[in-house]
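So you can see what is in the structure, the chains are spelled out below.
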Amino acid sequence: MNYGLLLLKISAVYFCLILVLRILGKREVGQLSIFDLVVLLIIADIASLGIDNDSFILPSYFCVFMLVILQKLLSFLLIKVSFFRSLIDGSPTTIVVDGKLLIKNMKKENYTIDDLISQMRLEHIMDIDEIKLAILETNGTLSIFRKEKFYTIKVPVIISGKIVKESLSLLNWDYDTFVKKLEKYKLPYKKIIYASLYDHMLFYFYRGENKSKELEGHKLQLI
């Protein structure tokens with residue numbers, strides 16, 4: 001075995017993967033979704049084939065960079081098309097509200113009480129009663145908001161022009177009532193990039209005809 005050639009191939013694959021991860025962005029390393037994990041596993045598998053087979057080195061690099069291009073195109077679609085984003089990445093799931101366990105949601109995500117307790121320990125939380133809101137993110141991490149810091153629940157109700165029905169349900173708002181309120185104020189939700197709701201106060205960023213790179217948030221009392 002030519003150890004010098006093997007070392008050279010391993011080094012080439014190593015720096016190639018570093019370059020790929022830099023192109024894909026920090027999200028790939030720190031917050032892996034199912035979609036991201038699949039891409040990285042395929043890339044690693046193809047790269048290993050390049051090490052084992054001399055004749056497959058250049059084709060393996062070509063395949064890796066084709067996957068990177070495909071991933072970037074799909075990431076663009078994930079940003080622009082909310083339905084596609086939900087299909088690929090899924091959506092966050094609420095696990096705890098005001099110290100109450102949402103058992104139905106936990107069963108849906110195969111999330112056990114042991115998983116919850118483990119995450120609570122990491123956040124230095126001793127009891128479920130201390131939790132105001134706990135949300136299971138699409139990458140499997142649990143976002144926990146303490147009662148002592150957060151007295152009210154504010155969650156996104158519109159993201160990229162799509163109404164988040166789960167958030168409305170969490171806030172005890174009816175979907176049709178919410179849409180009628182927006183229509184009353186002539187506010188098309190499909191042009192709203194982001195909106196959160198507390199009680200009847202809507203905080204939102206409206207795209208409209210403004211082509212500026214910076215958008216200012218607005219508040220509206222839905223009465």
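The present account deals with the structure reproduced in this document.

Reading the values: rules and limits
Residues numbered from 1 in each chain as written. Predicted model: local features only at pLDDT ≥ 70, side-chain atom pairs only at ≥ 80, totals over all residues. Heavy atoms only, no water. Helix = DSSP H or I, 4+ residues; strand = E, 2+ residues; numbered from the N terminus. Buried < 20%, exposed > 50% of the residue type's maximum accessible area, 1.4 Å probe, protein only. Salt bridge = Lys/Arg side-chain N within 4 Å of Asp/Glu carboxyl O. Pairing = 2+ DSSP bridges. Phe/Tyr/Trp six-rings, centres within 6.5 Å; stacked < 30°, edge-to-face > 60°. Lys NZ or Arg CZ within 6 Å of the ring centre and 35° of its normal. Contact = heavy atoms within 4.5 Å. Axes fitted to C-alpha atoms, helices over the stretch in contact; angles between N-to-C directions.

## Details of unusual backbone geometry
Phi at D98 takes a positive value of approximately 50 degrees, unusual for a residue other than glycine. Relative to the helices and strands, D98 resides in the loop between β1 (93-97) and β2 (100-101). We classify D98 as partly exposed; its relative accessible area is 33%. The backbone phi angle of S160 is positive, close to 50 degrees, even though this residue is not glycine. Looking at where S160 falls in the secondary structure, it is placed in the loop between β5 (155-159) and β6 (162-163).

## Topic: the pattern of salt bridges
This model, assessed by the stated rule, comprises three salt bridges. One salt bridge in this structure joins D98 and K132, with 2.7 Å as the shortest N-O distance. Taken as a pair, D98 in the loop between β1 and β2 and K132 in strand β3 (residues 131-136) lie far apart in primary sequence, 34 residues in all. Note on K132: relative accessible area 13%, which makes it buried. When the shortest N-O distance is used, the salt bridge between D129 and K147 registers 3.3 Å. Of this pair, D129 sits in the loop between α7 (113-122) and β3 while K147 sits in the loop between β4 (142-146) and β5, placing them 18 residues apart in sequence. D129 sits in the partly exposed class, given a relative accessible area of 48%.

## Things to note about the environment of S169
Looking at the secondary structure, you find S169 in helix α8 (residues 165-170). Assessed through its relative accessible area of 51%, S169 is described here as exposed. Once the C-alpha coordinates of S169 and V157 are considered, the two residues, 12 residues apart in sequence, prove to be 9.7 Å apart.

## A few points about the pairing of β5
Note: β5 against strand β7 (residues 192-198), four bridges, orientation antiparallel. Among the inter-strand pairings, I158 is bridged to a residue of β7, identified as A195. As defined by bridge partners, β5 adjoins β6 across two bridges and the pair is classed as antiparallel. Paired with I158 across the bridge in β6 is I163.

## Brief notes about the environment of K149
Assignment of secondary structure puts K149 in the loop between β4 and β5. K149 gets classed as exposed once you look at its relative accessible area, which sits at 58%.

## A few points about the packing of aromatic side chains
Across all of its chains, the model carries four aromatic pairs by this definition. Relative to F205, the ring of Y194 has its centre 6.4 Å away and its plane inclined at 50 degrees; by these criteria the two rings are tilted. Note that Y194 is positioned in strand β7 and F205 in strand β8 (residues 201-206), a separation of 11 residues in sequence. Directly above the aromatic system of Y175 lies the positively charged group of K165, at a separation of 4.9 Å from the ring centroid.

## Some points on the sheet that holds β2
The antiparallel open sheet is built from four strands, whose spatial order is β2-β1-β3-β4. Of all strands in the sheet, those with a lone pairing partner are β2 and β4, marking the two edges. Here four bridges tie β1 to β3, and the two strands are oriented antiparallel to one another. Residue T93 lies in a different strand from β3, and its bridge partner there is L136. Along the sheet, α7 contacts β1, β2, β3 and β4; its crossing angle with β4, the most-contacted strand, is approximately 60 degrees.

Keep in mind that these numbers describe shape and distance, not what the molecule does.
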